[in-house]
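One-letter residues, chain by chain:
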Amino acid sequence: MAAKLEVRNLSKYFLSREGEPRKVLDSVSLDIADNEFVCIVGASGCGKTTFIRCIGGLIPAEEGQVRIAGRAVSAPGSDRGFVFQHDSLFPWRTVRDNIVFGLEVRGESAASTRPLADALIKLVGLSGFADHYPSELSGGMRQRVNLARALAIDPDVLLMDEPFAALDAQTREIMQRELLKIWTERRKTVLFITHQIDEAVYLADRVLVFSSRPGRLAADIRIPFARPRNLSIKRTPEFLAIVDDVWKLIEQEVVSAMQLAD
Amino acid sequence: MTKTLNIELPATAARKSRRRVFLSIVGGLLLWEITGRWFVTDPILFAPLSKVLQTGWALTVSGEIWKHLGVSMAEFLIGFVLASVVGVAMGFLMATSRRAQDILDPWVSFFYSSPLVALTPFFLLVFGVGIASKVAIVFTVAIFPILLNAFVGIRSADPHLLEVARAFNCTKRQVFSKVLLPAALPFVIVGLRLGIGRALTGVVVGELFASQAGVGYLITTAGQSFDTATVFLGVLLFSVIGVTIMEGLKRVEHAMAPWRKSIAEVR
Ligand SMILES: Nc1ncnc2c1ncn2[C@@H]1O[C@H](COP(=O)(O)OP(=O)(O)O)[C@@H](O)[C@H]1O
Ligand SMILES: [Mg+2]
């Protein structure tokens, strides 16, 4: 079967402060099958956000190609739904109005989007909060809205950039479980970025490991666990062994990234 | 052993606070009355509240007060509305066009910090002593804070939200109406509030300088005939106008930006 998302030899350069081009992504290629859940892990600063922004068409890549369902893309489009790392809800819109943003932009009326909005609010577990503003929600609830907003346009591919990074540990685990539940109900092709290895191994069919400077694909690991997955698999020896393998692949880079940050 | 916590319920605190505000107002008015009645009894130097209210009543019955209020309000409203429309439009233009910003910015910065009310004699020479000169003064002093805040409002829109708009394929127009405009709204309101203060000053200064009608005219003529009660009445009228308009703006703000109220409640 043809891949839903195809990336071929994608390279990206940024200009350094001195005006020198600096390679941030080095010829990255990957294929994601229909309804596959793929996670990318990598040290902070290795180019994960840059990669997903290129796929989303938010920034141009100097070399390479991105295809969604066979069509080459270079600009944002409703075939991709973006869930952002930052708190990116519109503070002046209620939960419902945030969720239908993408539909409203396409010109759909509030009345026609209402049933879908209500269904999504229920799906992400926010019943009763439709008319709340983001400032009245917790961090976990806001990321649920963020997800619902991306699902509303019914994209071919869901692009998620560290959506749970800012949440506390317990909320994050609950959100991981919820995400899998939602994904089971609304099958989607997902590219999910994280710097947390256990999050990637728990969620994904495949974990792709990014190496740094420049960002390159260093490994492609198939995760064998059956679905539906319970959070308790995180404590099994098989799970921990995979986490350990991935950790060994990026340990050196995580350490050097930390030293650079110092 | 249990210790009793000494925490006041918010409702009780609010009630106490309201009572203090009320007592402060009544006390102040009382002090005014007592001072005028028993301590500074010379009618040229001071006038008690009751005398001022009496004067106000007489002018209301004769209908004169409405004429003056009407003229002052007209000067204020025409000048302020013009300043708001032109100021907001120019601020948005400056924020969205690099070229407009480069051309306008030095002048805006200069005029924003200039005491433009000093141009009053000039406007009187050009536009005469009627309403037109006051409208010109009001417009000139009010426009710059409005313009500058509209500019800053657009510029301070969160870049993450602009990226969301791009990810959802917004047209330029949609980016403006769905992201930039709501993001700028609180700043625009701050600008309008500053503009109101300046516009009122413009009306007062313009009318005191030279006029044929208006609350400022009332004050000047009363001052020339040593009628301190009417002078006080005029000042009181200006204050009432100012407070009323500020309250009106607060209403508009609540209606246009309900999410800001919800932030305040959560805090
Ligand atoms: N707009 C930009 N201009 C210049 N350099 C950038 C820009 N965005 C990201 N970078 C650099 O590219 C590298 C990768 O960044 P990023 O993709 O955000 O990493 P990650 O998401 O993996 O933490 C970093 O070194 C970062 O400083
Ligand atoms: Mg990132």
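Above this text sits the structure in question.
Residues numbered from 1 in each chain as written. Chains lettered and ligands numbered in written order. Predicted model: local features only at pLDDT ≥ 70, side-chain atom pairs only at ≥ 80, totals over all residues. Heavy atoms only, no water.

Quick notes on the pattern of salt bridges
All names here are of chain A. The full count for this structure, using the stated rule, is 30 salt bridges over all chains. Among the salt bridges present, the one from arginine 71 reaches aspartate 79, with a minimum N-O distance of 3.6 Å. A salt bridge links arginine 227 to aspartate 205, with the shortest nitrogen-to-oxygen separation between them at 2.8 Å. Of this pair, arginine 227 sits in the loop between β10 (216-222) and α8 (237-261) while aspartate 205 sits in the loop between α7 (197-203) and β9 (206-211); the two residues are 22 residues apart in sequence, bridging distant segments of the chain. (Salt bridge = Lys/Arg side-chain N within 4 Å of Asp/Glu carboxyl O. Helix = DSSP H or I, 4+ residues; strand = E, 2+ residues; numbered from the N terminus.)

Some points on the interface of chain B and chain A
Residue-level contacts link 20 residues of chain B with 26 residues of chain A. Of the roughly 2100 Å² buried between chain B and chain A, counting both surfaces, carbon and sulfur atoms make up 67%. It is Leu161(B), Phe168(B) and Lys178(B) that lose the most area in chain B upon contact with chain A, and together they represent 29% of the buried surface on that side. Linking chain B with chain A are two salt bridges, by the criterion used here. A salt bridge links Lys178(B) to Glu104(A); its shortest N-O distance comes to 2.6 Å. Our count for the chain B to chain A interface comes out at six residue pairs in polar contact (both at pLDDT 80 or more). Put simply, the parts of the chain that give the side of chain B that touches chain A at least two residues each are α7 (159-167), α8 (172-209) and α11 (258-266) of chain B. Among the elements that line the side of chain B that touches chain A, the one with the most residues is α7(B), at seven residues. For the side of chain B that touches chain A, the per-class residue count stands at 13 nonpolar, four polar and three charged. (Contact = heavy atoms within 4.5 Å. Buried area = accessible area lost by both parts, 1.4 Å probe. Polar contact = N/O pair within 3.5 Å; in protein donor to acceptor, adjacent residues only side chain to side chain. Nonpolar A, V, L, I, M, F, W, Y, C, P; charged D, E, K, R; others polar.)

Some remarks on the sheet that holds strand β7 (residues 157-161) of chain A
Residue and element names in this part refer to chain A. If you trace the six strands from one edge of the open sheet to the other, you get β6-β7-β8-β3-β9-β10, paired in mixed fashion. Two strands in the sheet have a free side with no partner beyond their single neighbour: β6 (80-83) and β10. Strand-to-strand twist of the sheet, defined as the mean angle between neighbouring strand axes without regard to direction, takes the value 20 degrees. Here β6 runs beside β7; their pairing, made up of four bridges, is parallel. Following the sheet pairing, valine 83 is matched in β7 by methionine 160. (Pairing = 2+ DSSP bridges. Axes fitted to C-alpha atoms, helices over the stretch in contact; angles between N-to-C directions.)

Re the site of ligand 1
Residue and element names in this part refer to chain A. If you check the shell around ligand 1, you find Phe14, Arg22, Val24, Ala43, Ser44, Gly45, Cys46, Gly47, Lys48, Thr49 and Thr50 and nothing else. Between ligand 1 and the protein, one listed contact pairs an oxygen atom with a backbone N or O atom of glycine 47 at 3.1 Å. In the environment of ligand 1, an oxygen atom lies 2.7 Å from a nitrogen or oxygen atom belonging to the side chain of threonine 49. Against a free-state accessible area of 570 Å², the protein chains account for coverage of 61% of ligand 1. Only β2 (21-32) and α1 (48-56) provide two or more residues apiece to the shell around ligand 1. Looking at the shell around ligand 1 element by element, the count peaks at three residues for α1. Of the residues in the shell around ligand 1, the class split is four nonpolar, five polar and two charged. (Near = heavy atom within 4 Å. Areas by Shrake-Rupley, 256 points an atom, 1.4 Å probe, with all protein chains shown as cover.)

Quick notes on the sheet that holds strand β4 (residues 63-68) of chain A
Residues and elements named next belong to chain A. An order of β2-β1-β4-β5 is seen for the four strands of this open sheet, with the pairing classed as antiparallel. Two strands close off the open sheet at either side, each with one partner strand: β2 and β5 (71-72). Relative to β4, strand β1 (residues 5-15) runs antiparallel, the two sharing five bridges. Paired with glutamate 6 across the strands is arginine 67, a residue of β4.

A word on the nonpolar core
Core analysis: the largest hydrophobic core is formed by 145 residues, its most contacted members being Leu5(A), Phe37(A), Phe51(A), Leu191(A), Phe192(A) and Val201(A). Take this core: its biggest share by element is 13 residues, from α8(B). Look past the residues within four positions of Phe51(A) in its chain and what remains in contact with it is Val7(A), Leu10(A), Leu25(A), Val28(A), Leu30(A), Ile40(A), Leu191(A) and Phe210(A). (Core = buried A, V, L, I, M, F, W, Y, C linked by side-chain atoms within 4.5 Å. Buried < 20%, exposed > 50% of the residue type's maximum accessible area, 1.4 Å probe, protein only.)

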